[in-house]
Amino acid sequence: MNPQAKLIFVISLLLGTTITISSNHWIMAWTGLEINTLAVLPLISKSHHPRAIEAATKYFLVQATASALVLFSSMTNAWYTGQWDITQLTLPAACLLMTAAISMKLGLVPFHFWFPEVLQGSSLTTGLLLSTAMKLPPMALLLMTSQSLNPALLTTLAILSAAVGGWMGLNQTQTRKIMAFSSISHLGWMAIITAYSPKLTLLNFYLYTVITAAVFLTLSSMKALKLSTLMTSWTKTPTLSAILLLALLSLAGLPPLTGFLPKWLIIQELTKQDMIPAAITISLLSLLGLFFYLRLAYCATITLPPHTTNHMKQWHHTKPVNVSIAILATLSTTLLPISPMILTTI
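In this text, all values refer to a predicted model and were calculated from it rather than measured experimentally. (Residues numbered from 1 in each chain as written. Predicted model: local features only at pLDDT ≥ 70, side-chain atom pairs only at ≥ 80, totals over all residues. Heavy atoms only, no water.)

Per the UniProt entry, the sites bearing "domain: NADH:quinone oxidoreductase/Mrp antiporter transmembrane" (unreviewed entry) are residues 23–288 in this numbering. Across residues 23–288, helical content stands at 77% and strand content at 0%; the span's end C-alpha atoms are separated by 38 Å. (UniProt positions renumbered as here; feature names shortened; annotations may be inferred. Helix = DSSP H or I, 4+ residues; strand = E, 2+ residues; numbered from the N terminus.)

With that settled, consider the environment of Gln 268. On the secondary structure map, Gln 268 appears in helix α14 (residues 260–272). Separated by 13 residues in sequence, Gln 268 and Thr 281 have C-alpha atoms that sit 14 Å apart.

We now examine the packing of helix α2 (residues 26–44) against helix α7 (residues 136–144). Put simply, α2 and α7 touch, their axes get as near as 10 Å, and they point 160 degrees apart. Relative to α7, α2 is oriented roughly antiparallel. As α2 runs across α7, the sense of the crossing is left-handed. Residues Trp 26, Ala 29, Leu 33 and Asn 36 of α2 form the contact with α7, whose participating residues are Pro 137, Pro 138 and Leu 141. Tallied by class, residues from the contact of α2 with α7 come to six nonpolar, one polar and no charged. (Axes fitted to C-alpha atoms, helices over the stretch in contact; angles between N-to-C directions. Parallel < 35°, antiparallel > 145°, perpendicular 65-115°, else oblique. Left-handed = near helix turned anticlockwise from the far one by under 90°. Contact = heavy atoms within 4.5 Å. Nonpolar A, V, L, I, M, F, W, Y, C, P; charged D, E, K, R; others polar.)

Pairs can form between side chains of opposite charge once their charged atoms are near each other. Under the criterion given, the structure shown has three salt bridges. For Glu 117, the salt bridge goes to Lys 58, with nearest N and O atoms at 3.8 Å. A residue pair is termed long-range when its members are at least 10 positions apart, and Glu 117 in helix α5 (residues 114–121) and Lys 58 in helix α3 (residues 50–81) qualify at 59 residues. Classification of Lys 58 by relative accessible area gives partly exposed; the value is 29%. Taken together, the shared-partner salt bridges in this structure form one network comprising Glu 54, Lys 58, Glu 117 and Lys 177. (Salt bridge = Lys/Arg side-chain N within 4 Å of Asp/Glu carboxyl O. Buried < 20%, exposed > 50% of the residue type's maximum accessible area, 1.4 Å probe, protein only.)

Formed by 104 residues in total, the largest nonpolar core has its most connected members in Tyr 59, Leu 130 and Leu 230. Formed jointly, this core draws a minimum of three residues from each of two domains, domain 1 (1–123) and domain 2 (150–345). Among residues more than four places away in sequence, those in contact with Leu 130 are Val 40, Ile 44, Tyr 59, Phe 115, Val 118, Leu 119, Ser 122 and Lys 135. (Core = buried A, V, L, I, M, F, W, Y, C linked by side-chain atoms within 4.5 Å. Domains from an automatic or database assignment.)

Another aspect to go through is a nonpolar patch on the surface. Taken together, Ile 276, Ile 280, Leu 284 and Leu 287 make up a surface patch of nonpolar side chains, about 380 Å² in accessible area. The residue Ile 276 is located in helix α15 (residues 276–301) in this model. Overall, Ile 276 belongs to the partly exposed group, its relative accessible area being 42%. (Patch = residues over 30% accessible without salt bridge, like charges linked within 9 Å, V, L, I, M, F, W, Y side chains within 5 Å. Areas by Shrake-Rupley, 256 points an atom, 1.4 Å probe, with all protein chains shown as cover.)

Its 13 residues place the ends of α14 18 Å apart at the C-alpha level, agreeing with the 18 Å of an ideal helix rising 1.5 Å per residue. By the burial criterion, the buried members of α14 are Leu 261, Pro 262, Lys 263, Leu 265, Ile 266, Glu 269 and Leu 270. Summarising the contacts, the buried residues of α14 are in contact with α9 (175–194), α10 (198–222), α13 (238–252), α15 and α17 (339–345). One or two residues past the end of α14 sits Asp 274, with phi positive at roughly 60 degrees. (Expected span 1.5 Å × (residues − 1).)

Here's what the structure looks like:
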């Protein structure tokens, strides 16, 4: 892709995100979401492969539907209450429509079907954008309207997302699809706590973004699109394989890594809210995610390729690890000890 064109699309992405996050009026928020959608479409379809074109088409149709629902919900609310302010969403029907629209934007169950397909049709770099940066504007809207939305409905969607993300990720062999179901599962953890502690949702989103960026950039450096590619990576890029192992375990939420922090705080908050059955259910469902993260880690670091070759093995000149991967990997493994300091900032 032309560098100037790519620059325009990236600036448009930043502009759309900024407009949505900083707006108080529903029309401005909707405008930001539309700019975002239009800016990311060329990045998805840039390879001109039929699967990439299909992914871009699916993404456009789903996001256009969700944007129409956002507009319809806000107009209905304005019709009955005379309020266009984002925080003044009071009409029950408008709240229900808005929950559906934001769930569709984020990829929460039962509106998750588009996300694995779109991620599978994109490159790893675009997949990283779709999993992190593109989730920020709808997440901001979810946080701004969190006091208006139905907590029971959000909890149901969250537990379903954790269940579907865990179950459907189990038998996948494509790394991008595994990361898509991982994202759906993590969104469940964010949605369950939104109505009770929006700041905790935001902290979870930030930490998820850091760890997912570390995983995606490592996979991109290894050019690993399938599990079979990961199996031969240990001999070629041992450092990256070790980083991937730690980042995946952090994403699974194992102590003493960074990923344990949001899960621990969310379970603590749910217990305070007397939602012990929900806390137990979502904790048990996260074990499904742990299984496929361990499978990925096992493929990347422990298995050897199943076939032996007769010719002499070539020396592999290991490339130095990218600075951004090094920084993200450090953040995704070492932030738990400074959690008291993190908690004072939120």
